[in-house]
Amino acid sequence: MEVVPLGSAGQIAAVAAGIVEAVVRRKPAAVLGLATGSTPLPTYRELLGRHKAALGPSYAAVTCFNLDEYVGLPVGHQQSYRATIARELTDGLGIGADRVHGPNPSSDDLPIAGECYEALIAAAGGIDVQVLGIGSDGHLAFNEPGSSLASRTRIKTLTAQTREDNARFFGSLDEVPTHVLTQGLGTILEARHLLLIATGETKADATAAAVEGPVSASCPASVLQLHPHVTVLLDPAAASSLDRLAHYREVYCAKPAWQGF
Ligand code: GLP
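Analysis parameters
Residues numbered from 1 in each chain as written. Predicted model: local features only at pLDDT ≥ 70, side-chain atom pairs only at ≥ 80, totals over all residues. Heavy atoms only, no water. Helix = DSSP H or I, 4+ residues; strand = E, 2+ residues; numbered from the N terminus. Buried < 20%, exposed > 50% of the residue type's maximum accessible area, 1.4 Å probe, protein only. Near = heavy atom within 4 Å. Polar contact = N/O pair within 3.5 Å; in protein donor to acceptor, adjacent residues only side chain to side chain. 1 Å grid on protein atoms, 1.4 Å probe; cavity = no way out; pocket = protein on both sides within 12 Å on 5 of 7 lines; lining within 4 Å. Sits in = over half its atoms within 2 Å of the grid points. Nonpolar A, V, L, I, M, F, W, Y, C, P; charged D, E, K, R; others polar. Pairing = 2+ DSSP bridges. Right-handed = clockwise from strand over helix to strand, strands pointing away. Points joined across faces, edges and corners; volume = space filled by probe spheres on them. Core = buried A, V, L, I, M, F, W, Y, C linked by side-chain atoms within 4.5 Å. Contact = heavy atoms within 4.5 Å.

*Asks:* So what exactly am I meant to see when it comes to unusual backbone geometry here?
*Replies:* Working note: non-glycine residues mostly have negative phi, and peptide bonds are mostly trans. With phi around 60°, Ala54 is a residue other than glycine that occupies positive phi space. Here Ala54 is to be found in the loop between α2 (41-52) and β3 (63-66). Phi is positive for Ala141, close to 55°, though the residue is something other than glycine. Relative to the helices and strands, Ala141 is located in the loop between β6 (129-132) and β7 (154-157). Take Ala141: its relative accessible area is 10%, and that puts it in the buried class.

Laid out in structure tokens, this is it:
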């Protein structure tokens, strides 16, 4: 796991956008895994800015898979993750809706919607780079504490904490769905490169538990320790509870130019 303490959310956006672009340059038909939430937004804006300035790669052959989705929102709801990803990133990059997939909460057969989504990901050849945020309770996608570290895409019930955290996107807490479809932790571990971004003080303890704590279902993001290729980009506030912060800084400062991410 490469932990990279950076100076600001803006610096994170520049590095994260560079990582995503490098994957697409290397593999024009790359498969991108996309996260929602506030954290990746500066990265998405950076990607869009570079694309509009014709500085980015072509996204003409790229396919995307969303991490998760609310269950119970009307189709096309502005806070559905499908609509959010289209609005915040993929429409602007010219990636058509037919190439942006998400777990289907309108499926007639909801219990097997997860299985169908896994089959779609597999048919696309798997995810090349998966953008991830982290919940204040250490959740990854919508895998709340207690989720099996081997879990697959399935329906989950949100914790009260996550519903409160996400209420800011809705008119009121009551409007936040109670159920979701989410990639499992085992599913996420199959992506070739995991790119976790955390910013702000509310993420400091969860980040420290994920990076330096024991691997445990009590902190779902700690499952990242089992993956061979993880990059963790942190702003100073999110990095503030790490015991080995000085070491991560030394490693990043001494990072050879040829190494990449
Ligand atoms: C949601 C999403 C996660 C995201 C998390 C943190 O619950 N399902 O993928 O990482 O919230 O969101 P934010 O970045 O807004 O703090």
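*Asks:* Would you take a moment to explain the environment of Ala160 for this structure?
*Replies:* Along the chain, the position of Ala160 falls in helix α5 (residues 160-166). Take Ala160: its relative accessible area is 54%, and that puts it in the exposed class. Along the sequence, Ala160 and Thr178 sit 18 residues apart, while their C-alpha atoms lie 8.8 Å from each other.

*Asks:* Would you mind showing me how to read the site of the ligand here?
*Replies:* Within the structure, the ligand sits among 13 residues, and Ser38, Thr39, Asp68, Arg168 and Lys203 are positioned closest to it. Within the side chain of Asp68, an N or O atom sits 2.8 Å from a nitrogen atom of the ligand. Put simply, the ligand lies in the largest pocket. Looking at the shell around the ligand, its residues break down into four nonpolar, six polar and three charged.

*Asks:* Honestly, the pairing of strand β8 (residues 179-182) in this entry has me stumped. Any pointers?
*Replies:* Every regular strand shows the same layout, with side chains that alternate between the two sheet faces. Across four bridges, the pairing between strand β4 (residues 68-71) and β8 is antiparallel. Among the inter-strand pairings, Tyr70 is bridged to a residue of β8, identified as Val180. Bridge analysis of β7 against β8 gives four bridges, and the strand direction is antiparallel. Within β8, the residue paired with Arg154 across the bridge is Thr182.

*Asks:* What's the story with the pairing of strand β10 (residues 230-234) in this structure? I'm lost.
*Replies:* Judged by how many residues are buried, β10 sits mostly within the fold: five of five residues are covered. Burial along β10 is two-sided: the residues Val230, Val232 and Leu234 and Thr231 and Leu233 are all buried. As paired strands, strand β1 (residues 2-5) and β10 are joined by four bridges and run parallel to one another. Each bridged residue has a counterpart across the sheet, and for Val3 the counterpart in β10 is Val232. Of the strand pairs in this sheet, strand β9 (residues 193-198) and β10 are connected by five bridges, and their pairing is parallel. Across the sheet, residue Leu196 finds its bridge partner in β10, namely Val232. Since β9 and β10 lie parallel, the crossover through helix α7 (residues 204-212) that links them has a hand, and here it is right-handed.

*Asks:* What should I look at first to understand the layout of surface pockets in this one?
*Replies:* Roughly 440 Å³ of internal volume is contained in the largest pocket. Forming the boundary of the largest pocket are 24 residues, of which Gly37, Ile134, Gly135, His139 and Lys203 lie nearest the centre. Across the lining of the largest pocket, the residue classes break down as nine nonpolar, eleven polar and four charged. Size it by volume and the second largest pocket reaches roughly 220 Å³. Lining the second largest pocket are 14 residues, with Val75, Gly76, Arg82, Pro105 and Ser106 sitting closest to its centre. Where the lining of the second largest pocket is concerned, the elements lending two or more residues are β4 and α3 (81-93). Of the residues contributing to the lining of the second largest pocket, the split by class is seven nonpolar, five polar and two charged.

*Asks:* What is the right way to look at the nonpolar core in this model?
*Replies:* For soluble globular proteins, nonpolar side chains are generally found buried alongside one another. Counting residues in each nonpolar core, the largest one holds 64 residues, and the members touching the most others are Leu32, Tyr44, Leu140 and Leu242. Take this core: its biggest share by element is eight residues, from helix α1 (residues 9-26). Excluding residues that lie within four positions of it along the chain, Leu140 makes contacts with Leu132, Gly133, Leu185, Ile188, Leu196, Pro220, Ala221, Val223 and Leu224. Counting nine residues, the second-largest nonpolar core is a separate cluster that includes Leu73, Tyr81, Ala167 and Val180.

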